[in-house]
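# Working through the structure, step by step
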Amino acid sequence: MTEKRLRAGVIGVGRMGQFHVNCYSEIPDVKLVGVADTNEAAGLAIKEKFGVEYFSDHRELLEHVDVATIAAPTSLHYEIAKDALAMNTHLLVEKPITRSYDDARELFRLAEEKELVLHVGHVERFNGAVHELRELVDDPILIQSRRLAPFNQRMASDGVVLDMMIHDVDIILNLVNSNVKAINVMGRSVFTDRDDVVMVQIMFESGCMATITASRATQNKVRNMTISCRDKYIKLNFADQEMSVHRMAASEHELRASGQDSGAKELRYMEAERRERIFIHSHNPLKLELQHLVDCILKRTERRVSVEKELRSLEVALLILEKFRRFNDSE
Ligand SMILES: NC(=O)c1ccc[n+]([C@@H]2O[C@H](COP(=O)([O-])OP(=O)(O)OC[C@H]3O[C@@H](n4cnc5c(N)ncnc54)[C@H](O)[C@@H]3O)[C@@H](O)[C@H]2O)c1
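Conventions used here
- Residues numbered from 1 in each chain as written.
- Predicted model: local features only at pLDDT ≥ 70, side-chain atom pairs only at ≥ 80, totals over all residues.
- Domains from an automatic or database assignment.
- Contact = placed C-beta atoms within 7 Å.
- Nonpolar A, V, L, I, M, F, W, Y, C, P; charged D, E, K, R; others polar.
- Near = placed C-beta within 6 Å.
- Pairing = 2+ DSSP bridges.
- Helix = DSSP H or I, 4+ residues; strand = E, 2+ residues; numbered from the N terminus.
- Axes fitted to C-alpha atoms, helices over the stretch in contact; angles between N-to-C directions.
- Core = buried A, V, L, I, M, F, W, Y, C linked by C-beta atoms within 7 Å.
- Buried ≥ 20, exposed ≤ 12 C-beta atoms within 10 Å, placed from the backbone.
- Parallel < 35°, antiparallel > 145°, perpendicular 65-115°, else oblique.

So, on to the domain arrangement of the chain. The assigned domain composition of the chain is domain 1 (6–121) and domain 2 (126–282 + 314–329). At the interface, nine residues of domain 1 touch nine residues of domain 2. Residue composition of the side of domain 1 that touches domain 2, by class: five nonpolar, two polar and two charged.

See below:
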């Protein structure tokens, strides 16, 4: 690297790629150099707005950058990432990194061989609410997650599992430090011939159970998660960034047993439940994610999520997809 500031580029400047352009342009250690997109109008619009170079071919952009985001359609991630790693480019590949586990493993192997940083874009990991969950959740018993949205033609190239549910799979696998014991899947197509509505039950070796529902056939946006632990119940609404922790007040019996009983009269007025609202920071999660990428490159900061865990989220998402297909074939 000749410059102190990392030279960055974005490949694919559709909906997600534009957010990356915005964030790179605001990170002090980074100089946004250019973008690549086969859609000339999309690329030229960014060139004009940010005063950067535009290339129709990603390989031309790669000659000018140290780090790149790949936010092209998922089906192209593997080929583009291979080109980028061959040209010694550090990478953030938007989720899902690839549609095949072996392809993803191959990309991580290539990156390791060349000592390049390769992250998968799971922006939810940097969401303030998810950060709080990691602090609060201890030995969860039951996790229930719902991520529902209206159908949008733009999403049609991936199904709901790789487009939406993979976020919750990743959050849950990183909260429950245990291997998956069993998975049940039900689902159906509604607006496409792919997975549009999917319900999953996961049993972990620790005994934790998770149910995940994802839909892109719902006339409202719903994103929430609830978690039961032995000593608390956590409710999180991602859309409003509202989070609360509920605990039952100690029962009369428990108080007597612990010798803290101050008389039945006070107990009658005791609240049955205590509720605590949790403050959630509102930093831009994508900017935090890209800053972490930059720190891993420039300062050799340890990656937040290990390669093994990156691969595990994809592996479980692909297993869910395979079970969805088998469920529908057997109907
Ligand atoms: N992390 C998240 O929350 C999140 C959210 C949305 C999308 N994504 C992921 O980002 C990726 C892109 O999704 P999107 O919604 O932005 O799609 P999009 O269709 O809006 O954008 C894709 C862009 O890539 C361009 N493109 C196509 N072929 C290309 C090529 N060969 N070289 C360069 N550019 C090319 C298209 O012209 C388009 O501008 C997908 O993998 C998706 O799963 C992640």
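With respect to spatial proximity, 25 residues lie near the ligand, and among them G12, G14, M16, N39 and E94 are the closest. When the residues that make up the shell around the ligand are grouped by side-chain class, the tally is 10 nonpolar, eight polar and seven charged. Taken domain by domain, the makeup of the shell around the ligand includes at least three residues from each of domain 1 (6–121) and domain 2 (126–282 + 314–329).

The eight strands are arranged 8-9-10-7-11-12-13-14 in an open sheet whose pairing can be described as mixed. Taken across any chain shown, the strands that pair with only one partner, and hence form the sheet edges, are strand 8 (180–188) and strand 14 (273–277). Across the sheet, the mean angle from the axis of one strand to that of its neighbour is 10°, orientation sign disregarded. The sheet contact formed by strand 11 (residues 222–228) and strand 12 (residues 233–237) spans five bridges and is antiparallel. Across the sheet, residue M225 finds its bridge partner in strand 12, namely L236.

Where strand 8 meets strand 9 (residues 197–204), eight bridges bridge the pair, whose relative direction is antiparallel. Bridging across to strand 9, M186 finds its partner in M199. Relative to strand 10 (residues 209–215), strand 9 is paired through seven bridges, and the arrangement is antiparallel. Residue pairing for strand 10: Q201 is matched across the bridge by T211.

Our focus in this paragraph is the nonpolar core. Core analysis: the largest hydrophobic core is formed by 79 residues, its most contacted members being A68, V161, M165, A317 and I320. Looking at this core, the element that brings in the most residues is helix 7 (residues 160–175), giving 11 residues. Here this core spans two domains, since at least three of its residues come from each of domain 1 (6–121) and domain 2 (126–282 + 314–329). When near neighbours in sequence (up to four residues on either side) are disregarded, I320 contacts V161, M165, I183, V185, V198 and V200.

What follows concerns the packing of helix 4 (residues 77–86) against helix 5 (residues 101–113). Running from N to C, helix 4 and helix 5 point in directions that differ by 10°, and their axes come no closer than 10 Å. Accordingly, the angle class assigned to the pair helix 4 and helix 5 is roughly parallel. The segment helix 4 lies against helix 5, with Y78, A81 and L85 engaging D103, L107, L110 and A111. Among the residues forming the contact of helix 4 with helix 5, the class breakdown is six nonpolar, no polar and one charged.

Next up on the list: the environment of I141. On the secondary structure map, I141 appears in the loop between helix 6 (128–136) and strand 7 (142–148). For I141, a count of 13 C-beta atoms within 10 Å corresponds to the partly exposed category. The sequence separation of I141 and I227 amounts to 86 residues, and the corresponding C-alpha distance is 7.5 Å. Not counting the four nearest positions on each side in its chain, I141 is found in contact with C208, S228, C229 and R230.

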